[in-house]
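So you can see what is in the structure, the chains are spelled out below.
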Protein chains: 2
Amino acid sequence: MEYTRENAPEILSEAKQQYEKYLSMRLNLNMSRGKPAPDQLSLSSGLLDAINGKTIFNVNGNDYRNYGILDGIPEAKEMFASLCGVRTSQICVMGNSSLNIMYDMVQRGMQFGYSGEKPMNAQKNLKWLCPSPGYDRHFSVTELFGFELICVPMTENGPDMDVVEEYVKDETVKGIWCVPKYSNPQGYVYSDETVERFARLQPAAKDFRIYWDNAYGVHFLDEDVPLLNLLNEAEKYGNEDLVFMFGSTSKISFAGSGVAYICCSEKNMAQLTRLLSFQTIGHDKINQYAHVLYYKNADGIREHMKKMADILRPKFLKVFEVLEKEGKGLMKWTVPKGGYFISCDLPCGTAKRTVELARQAGVIFTGAGATYPYKKDPNDSNVRIAPSYPPVNELGVAMSVFCCCAKIAWAEKELFC
Amino acid sequence: MEYTRENAPEILSEAKQQYEKYLSMRLNLNMSRGKPAPDQLSLSSGLLDAINGKTIFNVNGNDYRNYGILDGIPEAKEMFASLCGVRTSQICVMGNSSLNIMYDMVQRGMQFGYSGEKPMNAQKNLKWLCPSPGYDRHFSVTELFGFELICVPMTENGPDMDVVEEYVKDETVKGIWCVPKYSNPQGYVYSDETVERFARLQPAAKDFRIYWDNAYGVHFLDEDVPLLNLLNEAEKYGNEDLVFMFGSTSKISFAGSGVAYICCSEKNMAQLTRLLSFQTIGHDKINQYAHVLYYKNADGIREHMKKMADILRPKFLKVFEVLEKEGKGLMKWTVPKGGYFISCDLPCGTAKRTVELARQAGVIFTGAGATYPYKKDPNDSNVRIAPSYPPVNELGVAMSVFCCCAKIAWAEKELFC
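Being a predicted model, the structure only gives us computed values, none of them experimental. (Residues numbered from 1 in each chain as written. Chains lettered and ligands numbered in written order. Predicted model: local features only at pLDDT ≥ 70, side-chain atom pairs only at ≥ 80, totals over all residues. Heavy atoms only, no water.)

Q: With reference to specific residues and values, describe the sheet that holds strand β7 (residues 158-159) of chain A.
A: Whenever strands of a sheet pair, they do so through backbone hydrogen bonds, lying parallel or antiparallel. Residues and elements named next belong to chain A. Strands sit in the order β4-β11-β10-β9-β8-β5-β6-β7 across an open sheet of eight strands; the sheet is mixed. Both outer strands of the open sheet, β4 (91-93) and β7, are each paired with one neighbouring strand and no more. Pairing between strand β6 (residues 148-155) and β7: two bridges, direction antiparallel. By the bridge assignment for β7, Met154 is matched with Pro159. (Pairing = 2+ DSSP bridges. Helix = DSSP H or I, 4+ residues; strand = E, 2+ residues; numbered from the N terminus.)

Right under this line is the structure:
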């Protein structure tokens, strides 16, 4: 049945009947966060056997149980540098959270400044570019530090670079959040042209930085999709100081106990490690070493991610299947080749109501608006779907609930607004 | 032989002969940092067996491998709260480094402010109290953030509280560094009166904080020496918001891979966890859980520390023995009942030269001056001795070198300055 005004009463009545049934099922499902499922975590159980009380931690004169080695153990730097396609001098392997690294990098810019510029705390009217829809935790960090968040439209090829290039002419614009591969939430991969234009970017602010959160760099569902290496490309134009690249094993090994890292130019690295030397004597090297012993090298990680894809693929397919069957004509969704999310655009003005109806039926989705700066979706249209955590059968139910609620929200608006 | 001017030529000549012998031994010893020795680390090898690929991480509905639980797993909060004598609502168990927590707390005060006051970045002429001699890394953090560091004399009972109480009348004084138990470097334990006076402190600045780094809370050498609980005492006077207490297992389990925590009032905790929720999704809960499974509870940690004491005690005794035999009359040293350091006061104006002579003979001591703000010891007298890392026999040699160098430095000064 087509979604026309004439059909709205019938669609509403049918959907409401269905909704009553869902209510009676007393569901309790959560599709709100990109959280690995238990079986994904168990894939790395062997990592916990890679280290034990008999492990020799004395490597090349360093005891990995002791203090020291600020920038990560050489074996971990080697493995992740290879995975990221950078030199070992361009990587610092740290603790369990790349979000923590990103937050700290923003904080360092505020407190100490970058590229010899004044600390951003001593500058006025700070602004930050936020390709939207995007990752709520990114936006929140820069909101906390008082940046004005500026929406940049997303396209299938990445942020609209015409808009980015225009905004960076303003020297109060200090950075941009990017999830370049299997973007959160659409699953888009930035095109070569987009990466090239980032590499050649000429921001007015010397302390402008591209926060390149490659959270899903090896998180393909079938074939891997290549992404140009921004740090290498930027180097060709002498622009390497613009780039902070981040990554972690949070969605490779353990979400809470992985290893995170930052890649940047040697010049930025010198400032980072100097400041870091005040903050800590070193990160958890035993956990870094466990990761190295278990995955061996970058290829080991890629092999591991094939098994991960086998777990995630059926979940994405289930979501596509239900959307295709029950959402077609009403909503539009992305079909990512990797990552953790599917982005769904509902008719304007119905996302909040849809998510609220689903919540009342016991199915939690990411809050409508969360994918936009200040959690305000100007169209009240976008919902992020996170298929990783629930089992496939629950996913099917949750997505049916979602489509049912979307129908109600649309019909209500059509008829009563 | 007494250290008089008349005896100086003979003392110098004998010491120089001895020094030549040390040079010919081509020593390579390091007594500079409070770093656990390998056998201390191996005491906790069982911790690495406490967790393996078959461990059940699903506890009370939480998967400790996954994201979440910002303030630490309940079992770890319970164990460390009991160890610290605080309520579980007053503790946040975090990552591997208490220095990192302290740095971040200073940074939060700079960026966001405490007790509703303006961020310290927006205030002027900031000052910080530094009981001296003290811990170089503490002083460096507040120096980095631009505080003027103010020396407060240390006594056997803790910082000179008359001086502290006088300084805090100045509202630009924002904090004080304390190592209240087995202080770094003297090994002093703050007296009940000192703790009481801290608990009743009336600083002019509402955002003043006592940074109470209880790094050696259970690090006794023989019998434990009791320390009053500052947070509890302060609460009696409605002063609990003044107190940040820190601790870690860096010198209980693994120096680089322990678990660190902060204890503070519930009001401060609410601000901390709010800000923390922007910075990370949670710390390494697998490592927290391993610590709980291995040590079981606070008593388990105390039992473990008896074995630690058995390793450390002979090292301290060796240092005392050599100082008694070869340093008496020339220098003064502390005789701590716990902790990681011995503080040695050389004749004024000879510490730098002594440490430099030892370095040339292949024995590294903590840089002279390092125990003072800006690394400037006004008397050029204090040297921190860290006996933990070298084996006992090497310690003996290192301390003999130290005494020999101190004699040369003294005699040179006596004769040629």
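Q: Provide a residue-level description of the relation of the copies chain B and chain A, including the pertinent values.
A: In the superposition of chain B on chain A (RMSD 0.1 Å, axial shift 0.0 Å), the rotation amounts to 180°. The superposition operator between the copies reduces to a two-fold rotation axis. When the interface residues of chain B are mapped onto chain A, 100% of them again lie at the interface, so the same face is used by both copies. (Least-squares fit on C-alpha atoms with pLDDT ≥ 70 in both. Contact = heavy atoms within 4.5 Å.)

Q: Could you give an account of the interface of chain B and chain A, with specific residues and numbers?
A: Interface size is often expressed as the accessible area that is lost when the parts come together. Across the boundary between the two partners, chain B contributes 55 residues, which contact 55 residues of chain A. For the pair chain B and chain A, the summed buried surface comes to about 4500 Å²; carbon and sulfur atoms form 53% of the total. Our count for the contact surface shared by chain B and chain A stands at zero salt bridges. Taken together, the connections running from chain B to chain A amount to 29 residue pairs in polar contact (both at pLDDT 80 or more). Of all the secondary structure elements, the ones that give two or more residues to the side of chain B that touches chain A are α2 (38-42), α3 (45-49), α5 (98-111), α6 (136-144), α10 (266-279) and α11 (285-295) of chain B. Ranked by residues supplied to the side of chain B that touches chain A, first place goes to α5(B) with seven residues. Class assignment for the residues of the side of chain B that touches chain A results in 23 nonpolar, 22 polar and ten charged. (Buried area = accessible area lost by both parts, 1.4 Å probe. Salt bridge = Lys/Arg side-chain N within 4 Å of Asp/Glu carboxyl O. Polar contact = N/O pair within 3.5 Å; in protein donor to acceptor, adjacent residues only side chain to side chain. Nonpolar A, V, L, I, M, F, W, Y, C, P; charged D, E, K, R; others polar.)

Q: So what's going on with the pairing of strand β8 (residues 173-178) of chain A? Residues and values would help.
A: Residue and element names in this part refer to chain A. Counting buried positions along β8 yields six of six residues, so the element is predominantly enclosed. Pairing between strand β5 (residues 127-132) and β8: three bridges, direction parallel. Following the sheet pairing, Leu129 is matched in β8 by Ile176. Regarding the hand of the β-α-β motif, the stretch spanning β8, helix α8 (residues 192-199) and strand β9 (residues 209-213) is right-handed. (Buried < 20%, exposed > 50% of the residue type's maximum accessible area, 1.4 Å probe, protein only. Right-handed = clockwise from strand over helix to strand, strands pointing away.)

Q: Lay out the confidence of the model for chain A with the relevant residues and their values.
A: The predicted model of chain A averages 97 in pLDDT, with 100% of residues at 70 or higher. Model confidence for the complex is summarised by a pTM of 0.97, with the ipTM given as 0.97. (pLDDT = per-residue confidence, 0-100.)

Q: How would you summarise the pattern of salt bridges if you had to cite specific residues and measurements?
A: All names here are of chain A. Applying the stated rule across the entire model yields 50 salt bridges over all chains. Here Asp104 ties to Arg108 by a salt bridge, and the two come within 3.9 Å at their closest N and O atoms. Note that Asp104 and Arg108 are positioned in helix α5 (residues 98-111) at a spacing of four residues, about one turn of the helix. Residue Asp104 is classed as buried on the basis of its relative accessible area, which comes to 11%. Put simply, Lys318 and Glu321 hold a salt bridge, and the shortest N to O gap is 3.4 Å. One end of the pair is Lys318 and the other is Glu321, both in helix α12 (residues 298-326) and three residues apart, which spans about a single turn. For Glu321, a relative accessible area of 42% puts it in the partly exposed group. Members of the salt-bridge network, linked through shared partners, are Asp162, Glu165, Glu193 and Arg197.

Q: Please provide a residue-by-residue account of the packing of helix α4 (residues 74-84) of chain B against helix α12 (residues 298-327) of chain B, values included.
A: Each pair of packed helices can be summarised by the angle the axes make with each other and by the distance between the axes. All names here are of chain B. Contact geometry of α4 with α12 gives a least axis separation of 8 Å together with a crossing angle of 65°. On α12, the residues that touch Met79, Phe80, Ser82 and Leu83 of α4 are Ala298, Ile301 and Arg302. Here the contact of α4 with α12 is built from residues that sort into five nonpolar, one polar and one charged. (Axes fitted to C-alpha atoms, helices over the stretch in contact; angles between N-to-C directions.)

Q: Tell me about the nonpolar core, residues and numbers included.
A: Core analysis: the biggest nonpolar cluster contains 221 residues, and Phe198(A) and Phe198(B) have the highest contact counts within it. Excluding residues within four positions of it along the chain, Phe198(A) makes contact with Pro159(A), Met161(A), Val164(A), Ile176(A), Cys178(A), Tyr190(A), Ile210(A), Trp212(A) and Leu230(A). Counting 34 residues, the second largest nonpolar core, distinct from the first, contains Met94(A), Tyr103(A), Val106(A) and Phe145(A). (Core = buried A, V, L, I, M, F, W, Y, C linked by side-chain atoms within 4.5 Å.)

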